[in-house]
Amino acid sequence: MTWNAYEVIFRLRSPLHIGYSKVGNLQRTRPYVTGRSLWGALTMRLTRDAAQGSGPATDSSKYQKFGAQVHKYLAFTYFYPALQSGNNYQVVWPWDNETLFRHRFLGSYQSTALSYPQQSAAEGLLHEVEFISPYTVDTGQPVFLRGYVFE
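(A) Spotlight on the overall build of the protein. Secondary structure assignment for the protein yields three helices and 11 strands. For 151 residues, the compact-globule formula gives about 15 Å, and the C-alpha radius of gyration of the protein, at 19 Å, lies well above that figure. The C-alpha extent of the protein, read off along each of the three principal axes, is 60 × 45 × 25 Å. Across the 151 residues that make up the protein, the buried fraction comes to 26%. For the protein, the proportion of contacts with a sequence separation of at least 24, taken over those separated by at least 6, is 64%.

(B) Looking closely at the sheet that holds strand E3 (residues 26–29). Here four strands make up an open sheet; going across it, the order is E2-E3-E10-E7 and the pairing mixed. At either end of the open sheet lies a strand with only one pairing partner, and these are strand E2 (19–23) and strand E7 (106–111). For this sheet, the mean angle separating the axes of adjacent strands, direction not counted, is 25°.

(C) Focus on the environment of Ser85. Among the structural elements, Ser85 can be located in strand E5 (residues 80–85). Ser85 gets classed as partly exposed once you look at its relative accessible area, which sits at 47%.

(D) Quick look at the pattern of salt bridges. For the structure on display, the rule yields four salt bridges. Arg45 is the partner of Asp49 in a salt bridge, and the nearest nitrogen-oxygen pair spans 3.1 Å. Here Asp49 and its partner Arg45 are both found in helix H1 (residues 35–51), four residues apart, which amounts to about one turn of the helix. In this structure Asp49 comes out as partly exposed when scored by relative accessible area, which is 41%. Overall, the relative accessible area of 41% leaves Arg45 in the partly exposed class. Arg102 serves as the salt-bridge partner of Glu130, at 2.4 Å between the closest nitrogen and oxygen. Taken together, the residues Glu130 in strand E10 (residues 127–132) and Arg102 in helix H3 (residues 98–105) connect sequence positions 28 residues apart. A relative accessible area of 7% places Glu130 in the buried class.

Criteria and cut-off values
- Residues numbered from 1 in each chain as written.
- Predicted model: local features only at pLDDT ≥ 70, side-chain atom pairs only at ≥ 80, totals over all residues.
- Heavy atoms only, no water.
- Helix = DSSP H or I, 4+ residues; strand = E, 2+ residues; numbered from the N terminus.
- Rg over C-alpha atoms; globule rule 2.2 N^0.38 Å.
- Buried < 20%, exposed > 50% of the residue type's maximum accessible area, 1.4 Å probe, protein only.
- Contact = heavy atoms within 4.5 Å.
- Pairing = 2+ DSSP bridges.
- Axes fitted to C-alpha atoms, helices over the stretch in contact; angles between N-to-C directions.
- Salt bridge = Lys/Arg side-chain N within 4 Å of Asp/Glu carboxyl O.

Here it is in structure tokens:
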């Protein structure tokens, strides 16, 4: 059996959080998208598209069926942030200059639950979520994800 490799480029349209670890109240993100995350996203999309018109996609056996098919016929590499340069997409590796990478590509937002009687933040519920930004922080360039899918 031979595999066909396809280069795939996705443009980020919204902030993307791929869970990594938690440090204090900060939920850190991975600086890339894992193949497992893409497998899950494709499984979800196929299952929901197949259920369209017949109600909500709540049957877990259908998710298992589509997940097994995706796993059998496709394999995914990690997808890394990339910037467009002409007709090319240049990957920016997170480990080349971690400080610069974090500054250019990662952002965060903070939120909390409110305790209305005291008009203050509910204790222990302040948190910050880190994400890959859809635009670079310094120049405002759109961010893409570049990787490979094997069929």
